[in-house]
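Observations on the three-dimensional arrangement
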Amino acid sequence: MALRGLSIAALLLVTFSSACYPSCFATSNGFIQCLTEHIPSELIFTPGSINFTSILVSTSKNSNFLTNTTVKPICIVTVKDASHVQAAVVCGRWNGVRLRVRSGGHDYEGLSYRSARAEVFAVVDLANLHTITVCVATATAWVDSGATIGQLYHAVAKTSPELGFPAGECPTIGVGGHFRGGGIGMMMRQHGLAVDHIVDAKLVDANGEILDRATMGEDLFWAIRGGAGESFGIVLSWKVTLVKVPSTVTMFRVTRTVEQGAVDIVTKWQDVGPTLPWDMNMMVKVQRQQAMFQALYLGRCDAILPTITSRLPELNATRSDCEEMTWLEAMAVIGNGNTNTTALLYRNVGLNSFFKVKSDYVRRAIDKGVWQNIFNSWFSMNTSGWVMLEPHGGVMGTIPTEATPYPHRNGVLYIIQYIVGWSDDGSASAARNWINNFYGFMAPYVTTSPREAYVNFRDLDIGEKTVVVNDVSTFDSCKMWGEKYFGGNFQRLAMVKGKVDPTDYFWNEQSIPPLLFHATR
């Protein structure tokens, strides 16, 4: 798609090889002027615009980054078609203004719409790019990055109740942000991650050109499917394969207190959860002095209840704990707590509070004594948050580590998501101390060398890009946190970055650094 009146080739005659453009000669006025020449002015919002703040906070979920001290963009471009994205990239490079990309606003560190350091940047907001086209005959769909996974679920199921898609639990997550890091969810034990089902994509690269799988090449296509995809360009849309779902599925929720044996049940669940039938996923939420077991089974209750009672008798599950429904209703229950499927279409609901998140992976079951300490000490504090334990196993253990950038496959029992929230700045210190100290306490019981983490549960505490040469981050300075997210895949990601964006235009505090060939000699 060509830019109206703007020659990409002509603009890129400028030599960017020095890579110092963002800090050396960023020109915000020239950037805004360039945008207005190629994008309708009503889609461009600067801090002087009446609606700038409302647009900035429209899909932002973490109130930590909506303060007066937050480093905000010089403008937000609410693009409506691919040419607008191309114009933003080319104008940005021409004027030395880097771009950050927001699809759903769920970035836990807010890096899709704010900077952790003083810099001149703009935000490309993809919320207006939300078209979803489902093809039942081929069981595929094209979905724009600005659509939410709830909208994707709804579009697929309403087109064909026999089809579904394996992705996350929160329906307001943007597709672009979810796919950037892998996309774990309640059907991953049966069908794998969301990115395991991506078969094509359309991306605007650092030259402002639109590429698909055939033109971008397999290395770049591999990288954008879970490898911090915003590091390589702006993905406009994705083609995904859909999966068969039964007409009736079963939701299962049981809560047990410490007095009811929660410690014993969670201890045993660590080995049971990852080895249940692949079409069963039982996750655990631990909060205060209790554990809630929530499961999705792709079938009827009577078919799975005997397995639950035999494998985890301590749970004392009965048929009354089951609720049968459609797959789409189950996605609504998981995301919003009820079977109102229309609510899956709403994008501005959910988290809008102060919170902090961290993550870990467990490959060896944690002893009962440790769980007793966790329940009786860490979750008895007034400032305590909660943890979500999501099992792997099933098909996840059969997919090679290098198949996609997401490396946490074979041998993983479950992922831990630590979450703590607070209502105002007055309680922030105590809440942050709780999650940081608890995370420190857990170090001996989770993976090491590296201590693995999930990139979609972004956490700047594990490291960020601070060492730069000519404003290009170095590979070695990023290995500490990069290998926690991507393991041995991190180097390949950096090599791809070095080929497609050697000047590190698509930059944030935890984007992939370019590994340049001359740096390896």
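Residues numbered from 1 in each chain as written. Predicted model: local features only at pLDDT ≥ 70, side-chain atom pairs only at ≥ 80, totals over all residues. Heavy atoms only, no water.

Here the UniProt-annotated "domain: FAD-binding PCMH-type" (unreviewed entry) positions come out as residues 69–245. A helix fraction of 27% and a strand fraction of 24% characterise residues 69–245, whose end C-alpha atoms lie 47 Å from each other. (UniProt positions renumbered as here; feature names shortened; annotations may be inferred. Helix = DSSP H or I, 4+ residues; strand = E, 2+ residues; numbered from the N terminus.)

Our focus in this paragraph is the sheet that holds strand 17 (residues 386–391). As summarised here, the arrangement of the seven strands in space is 15-12-14-13-17-18-16, forming an open sheet in which the pairing is antiparallel. Every other strand in the sheet has two partners, leaving strand 15 (322–325) and strand 16 (354–362) as the edge strands with one partner each. Pairwise comparison of adjacent strand axes, ignoring direction, gives a mean angle of 20° for this sheet. Running at roughly 40° to strand 14 (residues 290–297), helix 11 (residues 262–272) makes contact with strand 12 (249–257), strand 13 (280–287), strand 14, strand 17 and strand 18 (414–422) of the sheet. (Pairing = 2+ DSSP bridges. Axes fitted to C-alpha atoms, helices over the stretch in contact; angles between N-to-C directions. Contact = heavy atoms within 4.5 Å.)

Here the focus is the pairing of strand 5 (residues 132–135). Sheet topology places strand 5 next to strand 6 (residues 140–144); four bridges connect them, and they run antiparallel. What sits directly across from Cys 135, in strand 6, is Thr 140.

Okay, helix 14 (residues 368–376) next. Residues lying three or four places apart along an α-helix face the same way, a consequence of the helix completing one turn every 3.6 residues. All of the buried residues in helix 14 are Val 370, Trp 371, Ile 374 and Phe 375. Buried positions in helix 14, seen along its axis, are confined to an arc of 135° and lie on one side of it. Each element contacted by the buried residues of helix 14 is listed here: helix 11, strand 13, strand 14, strand 17, strand 18 and helix 15 (428–441). (Buried < 20%, exposed > 50% of the residue type's maximum accessible area, 1.4 Å probe, protein only. Arc of directions from axis to C-beta.)

Further remarks concern the side chain of Asp 504. Structurally, Asp 504 can be placed in the segment after helix 17 (489–500). Given the relative accessible area of 0%, Asp 504 is considered buried.

On to the domain arrangement of the protein. Segmenting the protein into domains produces domain 1 (28–125), domain 2 (132–244), domain 3 (249–325 + 353–442) and domain 4 (466–520). Computed from C-alpha coordinates alone, the two centres of domain 1 and domain 3 are separated by 37 Å. Every contact between the two is made by six residues of domain 1 and, on the other side, eight residues of domain 3. Regarding the contact of domain 1 and domain 3, the summed buried area is about 630 Å², with carbon and sulfur atoms giving 46% of it. (Domains from an automatic or database assignment. Buried area = accessible area lost by both parts, 1.4 Å probe.)

Turning next to the sheet that holds strand 8 (residues 198–204). The five strands are arranged 5-6-10-8-9 in an open sheet whose pairing can be described as antiparallel. Each edge of the open sheet is held by one strand with a lone partner, namely strand 5 and strand 9 (210–211). Most of the contacts of helix 5 (residues 82–95) go to strand 10 (residues 234–241), to which it runs at about 140°, and overall it touches strand 8, strand 9 and strand 10. Sheet contacts for helix 6 (residues 149–159): strand 5 and strand 6; angle to strand 5, the most-contacted strand, approximately 35°.

Now for the pattern of salt bridges. Counted under the stated rule, the structure contains 28 salt bridges. In this structure, the salt-bridge partner of Glu 509 is Arg 100, at a minimum N-O distance of 2.9 Å. Here Glu 509 is found in the segment after helix 17, whereas its partner Arg 100 is found in strand 3 (residues 98–102), with 409 residues between them in sequence. As far as burial versus exposure is concerned, Glu 509 and Arg 100 are alike and both buried. Note that Asp 461 is salt-bridged to Lys 356, the shortest N-O span being 3.6 Å. (Salt bridge = Lys/Arg side-chain N within 4 Å of Asp/Glu carboxyl O.)

Moving on, we get to the state of the cysteines. Summed over all chains, the structure comprises two disulfides. With a sulfur-sulfur separation of 2.0 Å, Cys 34 is cross-linked through a disulfide to Cys 91. Judged by the torsion about the S-S bond (-70°), the Cys 34/Cys 91 disulfide is left-handed. Of this pair, Cys 34 sits in helix 3 (residues 28–38) while Cys 91 sits in helix 5, and the two are 57 residues apart along the sequence. (Disulfide = S-S within 2.5 Å.)

On to unusual backbone geometry. Cis peptide bonds are those with omega within 30 degrees of zero, and the linkage from Ser 449 to Pro 450 qualifies with 5°. Residue placement: Pro 450 occurs in the loop between helix 15 and strand 19 (468–469). Even without glycine at this site, Arg 288 takes up a positive phi of about 55°. Structurally, the position occupied by Arg 288 is in the loop between strand 13 and strand 14. Despite not being glycine, Ser 449 shows a phi value in the positive range, around 50°. Its location among the elements puts Ser 449 in the loop between helix 15 and strand 19.

As a further point, take the pairing of strand 13. In terms of burial, strand 13 is largely enclosed, as six of its eight residues are buried. Relative to strand 14, strand 13 runs antiparallel, the two being bridged by eight bridges. Counterpart to Val 284 in the pairing with strand 14 is Phe 293. Turn length for the strand 13-strand 14 hairpin, with the two strands adjacent in sequence and antiparallel, is two residues, and the turn residue Arg 288 shows positive phi of about 55°.

With that out of the way, let us pick up helix 3. Within helix 3 the residues assigned to the buried category are Phe 31, Ile 32, Cys 34, Leu 35 and His 38. Burial along helix 3 is one-sided: seen end-on, the buried residues are contained in an arc of 160°. Across helix 3 from its buried face, at more than 90 degrees, point the exposed residues Asn 29 and Glu 37.

Between two packed helices, what matters for the description is the angle formed by their axes and the separation of those axes. Put simply, helix 16 (residues 475–486) and helix 17 touch, their axes get as near as 8 Å, and they point 125° apart. The pairing of helix 16 with helix 17 is recorded here as oblique in orientation. As for how helix 16 packs across helix 17, the hand of that crossing is right-handed. For the pair helix 16 and helix 17, the contacting residues are Phe 475, Cys 478, Lys 479, Gly 482, Glu 483 and Phe 486 in the first and Asn 489, Phe 490, Gln 491, Leu 493 and Ala 494 in the second. Here the residues of the contact of helix 16 with helix 17 sort into six nonpolar, three polar and two charged. (Parallel < 35°, antiparallel > 145°, perpendicular 65-115°, else oblique. Left-handed = near helix turned anticlockwise from the far one by under 90°. Nonpolar A, V, L, I, M, F, W, Y, C, P; charged D, E, K, R; others polar.)

What follows deals with the nonpolar core. Residues Phe 179, Ile 224, Trp 238, Met 282, Leu 315 and Leu 389 are the most contacted members of the largest nonpolar core, which totals 130 residues. In terms of nonpolar packing, the next biggest core, distinct from the first, is built from 29 residues, Cys 34, Ile 39, Cys 75 and Cys 91 among them. (Core = buried A, V, L, I, M, F, W, Y, C linked by side-chain atoms within 4.5 Å.)

Caution is warranted with low-pLDDT regions, since their predicted coordinates should not be read in detail. In the predicted model, the protein carries a mean pLDDT of 93, and the fraction of residues at 70 or more is 93%. For residues 1–24, every residue scores under 50 in pLDDT, and the model assigns this stretch 51 contacts once sequence neighbours within four places are set aside. (pLDDT = per-residue confidence, 0-100.)

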